[in-house]
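# Chain and residue survey
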Amino acid sequence: MSAQILSGKAVSAQVRDRLKKDVDQMKLQDPNFRPGLVVLQVGDRDDSNLYISMKLKAAAEIGIDATHMRLPKTATESEVLHAITEVNENSSIHGLIVQLPLDSIHTINTEKVTNAVAPEKDVDGLTSINAGKLSRGDLGDCFIPCTPSGCMELIKQTGVSLAGKSAVVIGRSKIVGAPMHDLLLWNHATVTTCHSKTANLPGEVGKADILVVGIGKAEMVKGEWIKKGAVVIDCGINHIPDDTKSNGKRVVGDVHYDSAKEQAGFITPVPGGVGPMTVAMLMANTVLSAKRFLESHQPGKWNISYTKLNLQKPVPSDIVISRSCVPKPIDLLAREVGLLSDEVELYGKTKAKVQLSVIKRLQAQPDGKYVVVTGITPTPLGEGKSTTTIGLVQALGAHMKLNVFACVRQPSQGPTFGIKGGAAGGGYSQVIPMEEFNLHLTGDIHAITAANNLVAAAIDARMFHESTQTDKALYNRLVPLSGGERKFSPIQINRLKRLGIEKTNPSALSEEEITRFARLDIDPSSVTWQRVLDTNDRFLRKITIGQSPTEKGYTREAQFDITVASEIMAVLALTSSLEDMRQRLAKMVVATSRGGQPVTTEDLGVSGALAVLMKDAIKPNLMQTLEGNPVFVHAGPFANIAHGNSSILADKIALKLVGPEGFVVTEAGFGADIGMEKFFNIKCRYSGLRPHVVVLVATVRALKMHGGGPTVTAGMPLPKEYIDENLDLLENGCSNMKKQIENAQHFGVSVVVAVNAFKTDTEAELDLVCRVAKAAGAFDAVRCTHWAEGGAGAVALGEAVQRASEAPNKFKFLYDLELPITDKIRIIAQKIYGADDIELLPEAQRKVELYTKQGFGNLPMCMAKTHLSLSHEADKKGVPKGFILPIRDIRASVGSGFLFPLVGTMPTIPGLPTRPCFYDIDLDPVTEQVNGLF
């Protein structure tokens, strides 16, 4: 009786059908996901092209995105390795096949090339790592070469159990024989491998219940050698002469088919046996790789390790603590929180930038819980918002085992060398390394400085050139001859369209149109754009520019601001994408024309260049806490003339990464009346995100100052009122906390009060603050000791925040954008600050009329007011009553998307004190360690 034929065509069709269903299932899990395969070919061999076309066709039928990457015959080994590295780092590719042989005019080490393929993408199963795992029996953690895998699939079709059977493999190649031996062995067969040196080959073959042949010799194995009823798998492909064929030859295997089929129980034909299975199993490996990728990168599924703190008493200085903790490599942290290698740009070992493509990849993932940390009205005694933000994140992550991200602002470098020092938190709740955090980081602030000052240079240069040239000369220089013709740039065509001029040929404009196009006619007194510098320098608060003889007497008064006060910083913080940032940068209004029209950076022709300067700055910066939690450090706008919050993009990426049960904790600048109000009314309005919990930070000492405590003088001992128990003073000061709780409740969000405890606080004082907070409507109020204990000292706070996040949320904005400008200002003044009313001074009234006329009346308000009081007078502590809030002026940040009313005088670049911090700062030339920074 002849053997049953094992048809590779039929079995491979079943495999492909199964794989197609698997791919469809993956797409249901993630609609944006498709398995990706790259076939890398060097040269242009006809046989390789045929094999590749078969692979690409099979991939397309299954639903795999397959790409044929072809390198020329002139490709060198280094070029091939570079191409492999690019594919290895591409997270959308799950399988990489290097088509052999490598058809290059140069000598290429094939072993080196195949081993360069990332083992997790080696769907051919040829790397030493995959071969080693197979030989050790780690079948679930490797890729099996496709031909042996196809052989196993065909053997399974027979129903014959391998356990205890005698198996013989003829051939010991790395591609077929050796892995086939390992596969049979780990499926419990007793395996013999035969080769060219084997004595009595027919005798060995005759013992085989399972015979796999891959020796490369036509019809070498004869039927009479084969044991009756054996399973015969023929992997050979050989060509022998055949005059009956049009090409004079036919394909045969390594087994003499006609005689063998009379002895065997099952046999594979050639062709049509193992061949179709090889391609099918290659596809199976690719789908398996894609499945493993999906399983290991499930959104919100973190495998994160935390750093254990070695707490010391008394608590050492911040810098000593920071340096006592060795940060995790930042690429490791990135992997732990679900970021892919091609989504992360490393800046050394402890900081990295994260690509915005993460948002698209995770767009189907539900967001986590959103928490904003704010505080009572600040005092010189400090409330510790940054420290509480980091302590809370360490508690939620390292101690409560929840996915959690901190999102904080990047500090200005100016105060670091001035009077404030660092801003990375403190004690055992810090972002590390703090030197990196507080200095250049990844250069975002420098990029903003460059972009901002390019605009300033463009404004003055444009006014200068317009004042010294005729319309025609100006036009000819703006649209210069190139190759004998004039041509508008895309940004100039945009300007023509805004002017209502629907022409693209420069020679077609009328004289009137040339004048309108070429002249911005900026009123010098209306210029609102200032130069910036990330240094505290009081002597740049008012300057005169243009004093060189080359400027022909064109001078004007101007000023410098500190870089974080630049509108470009606010744009960075509020943008939602690269395209949105480009549009916001284009809309920035820098001046008004003499005709009363706003002049934008797009009118100046500089907006595209700004986007180029900002293209890297838009990517959030990844760092970590002392306990190994992830932190995004991104954007650092002023909290008075801007909105004082870190970037929307960082929050959005973090919310996706933590998953629906995780938390993102961000911090709003200054007190709740300033930073939190702007967080809700500006940041949340543009982001579309809805916060779950407000954490309001308070300290006993600061509340005592609000209760009427004495002034604190820097360098002098604290008055006894702040050291000794004084419940009356404290209770009076709690009025400020109650008002800030009320302010948060205006937005319908639960409030948890975090009482940041100091060693001088008594139990009675801490209990009083918690009791008053709860009576005022706080969801909960808990004492925290995270400065001294790290995350362990904020676990009670973390538990309260977790409970509060599950409470009903009725978030709402404070005002409607359609209201008149004056009404929006009045609502903030009365509801948040407690003012009786507002008073618009003449310049403010004029700006209300101007901005309403220019179409900016529907923007939100960003109040520029002292942060030291709920009122406009910094020395009025507690909860001032009966005051009228004076609005001195109103300015527009149209690109950022808000108007900022000025309440009083607001310095926009700090000065240096008598003894700046830089006296203590130096570099150790041996260790390169920064000393004295904190």
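What counts and how
Residues numbered from 1 in each chain as written. Predicted model: local features only at pLDDT ≥ 70, side-chain atom pairs only at ≥ 80, totals over all residues. Heavy atoms only, no water. Helix = DSSP H or I, 4+ residues; strand = E, 2+ residues; numbered from the N terminus. Buried < 20%, exposed > 50% of the residue type's maximum accessible area, 1.4 Å probe, protein only. Core = buried A, V, L, I, M, F, W, Y, C linked by side-chain atoms within 4.5 Å. Contact = heavy atoms within 4.5 Å. Pairing = 2+ DSSP bridges. Axes fitted to C-alpha atoms, helices over the stretch in contact; angles between N-to-C directions. Salt bridge = Lys/Arg side-chain N within 4 Å of Asp/Glu carboxyl O. Patch = residues over 30% accessible without salt bridge, like charges linked within 9 Å, V, L, I, M, F, W, Y side chains within 5 Å. Areas by Shrake-Rupley, 256 points an atom, 1.4 Å probe, with all protein chains shown as cover. Parallel < 35°, antiparallel > 145°, perpendicular 65-115°, else oblique. Left-handed = near helix turned anticlockwise from the far one by under 90°. Nonpolar A, V, L, I, M, F, W, Y, C, P; charged D, E, K, R; others polar. Polar contact = N/O pair within 3.5 Å; in protein donor to acceptor, adjacent residues only side chain to side chain. Phe/Tyr/Trp six-rings, centres within 6.5 Å; stacked < 30°, edge-to-face > 60°. Lys NZ or Arg CZ within 6 Å of the ring centre and 35° of its normal. Disulfide = S-S within 2.5 Å.

### As for the overall build of the protein chain
In terms of regular secondary structure, the protein chain is built from 33 helices and 37 strands. The principal-axis extents of the C-alpha atoms in the protein chain amount to approximately 110 × 80 × 55 Å. Each of the 934 residues in the protein chain was classed as buried or not, and the buried ones make up 55%.

### Overview of the nonpolar core
The biggest cluster of nonpolar side chains holds 146 residues, and the ones touching the most others in it are F405, F632, F680, M737, V753 and L885. Broken down by element, the residue count for this core peaks at ten residues, all from helix α17 (residues 444-468). Apart from the residues within four sequence positions on either side, M737 is in contact with I376, L696, A698, L703, V753, V769, V772 and A773. Counting residues in hydrophobic clusters, the runner-up holds 53 residues, among them I97, V123, L183 and V191.

### Quick look at the sheet that holds strand β4 (residues 95-98)
Across the sheet, which stays open at both edges, the three strands sit in the order β3-β2-β4 with parallel pairing between neighbours. The sheet terminates laterally at β3 (65-71) and β4, the two strands that pair on one side only. Here the average twist between neighbouring strands, direction ignored, is 15 degrees. As defined by bridge partners, strand β2 (residues 36-42) adjoins β4 across four bridges and the pair is classed as parallel. Residue pairing for β4: L40 is matched across the bridge by V98. Against the sheet, helix α2 (residues 46-62) contacts β2, β3 and β4, and its axis sits at roughly 160 degrees relative to β3.

### Structural notes on the pattern of salt bridges
Summed over all chains, the structure comprises 53 salt bridges. Measuring nitrogen to oxygen at the nearest pair gives 2.7 Å for the salt bridge that ties E763 to R783. Of this pair, E763 sits in helix α29 (residues 763-775) while R783 sits in strand β31 (residues 780-784), placing them 20 residues apart in sequence. For E763, a relative accessible area of 52% puts it in the exposed group. Here the salt bridges share partners, and the residues they tie into one network are R495, R498, R582, E602 and D603.

### Re a nonpolar patch on the surface
On the surface, L50, Y51 and M54 cluster together to form a nonpolar patch covering roughly 300 Å² of accessible area. Note on placement: Y51 falls in helix α2.

### Overview of helix α7 (residues 177-186)
Within the sequence span of α7, burial applies to G177, P179, M180, D182, L183 and L184. For α7, the elements touching its buried residues are α5 (128-136), α6 (146-158), β5 (166-170), β6 (190-194) and β7 (210-213). One or two residues past the end of α7 sits H188, with phi positive at roughly 75 degrees.

### Overview of the packing of helix α1 (residues 8-29) against helix α10 (residues 274-296)
Where α1 contacts α10, the two axes come as close as 9 Å, and the packing angle between them is 20 degrees. Compared by their axis directions, α1 and α10 come out roughly parallel. In this structure, the crossing between α1 and α10 has a hand that is left-handed. Together, G8, K9, V11, S12, V15, L19, D22, V23, M26 and Q29 of α1 and P276, M277, A280, M281, M283, A284, V287, A290, K291 and L294 of α10 make up the contact between the two elements. Partitioning the contact of α1 with α10 into residue classes produces 14 nonpolar, three polar and three charged.

### As for the sheet that holds β5
Strand order in the open sheet formed by six strands is β1-β11-β8-β7-β5-β6, with parallel pairing between adjacent strands. Each edge of the sheet is formed by a strand with only one pairing partner; in this case those strands are β1 (4-5) and β6. Contacts from α7 reach β5, β6 and β7, with the element oriented near 170 degrees to β5.

### Some points on unusual backbone geometry
In this structure, P101 follows L100 across a cis peptide bond, with omega equal to 0 degrees. In this chain, K313 is followed by P314 through a cis amide linkage whose omega measures -5 degrees. As for its placement among the helices and strands, P314 is situated in the loop between α10 and α11 (318-324). In this structure, E219 is a non-glycine residue whose phi angle is positive, near 50 degrees. One can find E219 in the loop between β7 and β8 (231-234). Although it is not a glycine, A635 sits at a positive phi angle of roughly 70 degrees. When you line up the elements, A635 lands in the loop between β27 (630-633) and α25 (648-658).

### Comments concerning the side chain of T575
Structurally, T575 can be placed in the loop between α21 (567-574) and α22 (578-587). Classification of T575 by relative accessible area gives buried; the value is 0%. A polar contact of 2.9 Å, which involves the side chain of T575, links it to the side chain of D580. Apart from the residues lying within four places of it in its own chain, the contact partners of T575 are D580, M581, R584, I618, I648 and L649.

### Examining the packing of aromatic side chains
On inspection of all chains with the given rule, the structure shows 13 aromatic pairs. Both rings, one in F918 and one in Y919, keep their centres 5.5 Å apart while their planes meet at 15 degrees; by these two values the pair is stacked. Put simply, the rings of Y370, F679, F680, F747, F811 and F813 pair up and form one aromatic cluster. Over the ring of F143 we find R292; its NZ or CZ atom is 4.7 Å from the centre of that ring. Seen from the ring of F758, R701 lies directly overhead, with NZ or CZ sitting 3.9 Å from the centre.

### Some words on the pairing of strand β30 (residues 750-756)
Side chains on a regular strand alternate between the two faces of the sheet. With seven of its seven residues buried, β30 lies for the most part within the structure. The alternating pattern of β30 places S750, V752, A754 and N756 on one face and V751, V753 and V755 on the opposite face, and all of these are buried. Two elements, strand β29 (residues 693-698) and β30, share six bridges in a ladder whose sense is parallel. In the strand pairing of β30, V695 is matched with V752. Pairing of β30 with β31 involves five bridges; the strand directions are parallel. When the sheet's bridge partners are listed, V753 is paired in β31 with A781.

### Description of the side chain of D889
Residue position: D889 is located in strand β34 (residues 889-893). By relative accessible area, D889 is classed as buried at 7%. Side chain to side chain, D889 and K847 meet in a polar contact 3.1 Å long. Not counting the four nearest positions on each side in its chain, D889 is found in contact with E843, A844, K847, F900, P901 and L902.

### Focus: the state of the cysteines
Per the stated rule, a full pass over the model turns up zero disulfides. Take C770: it sits in no disulfide, and the sulfur closest to it among the cysteines is that of C784, at 8.5 Å. Given a relative accessible area of 11%, C770 falls into the buried group.

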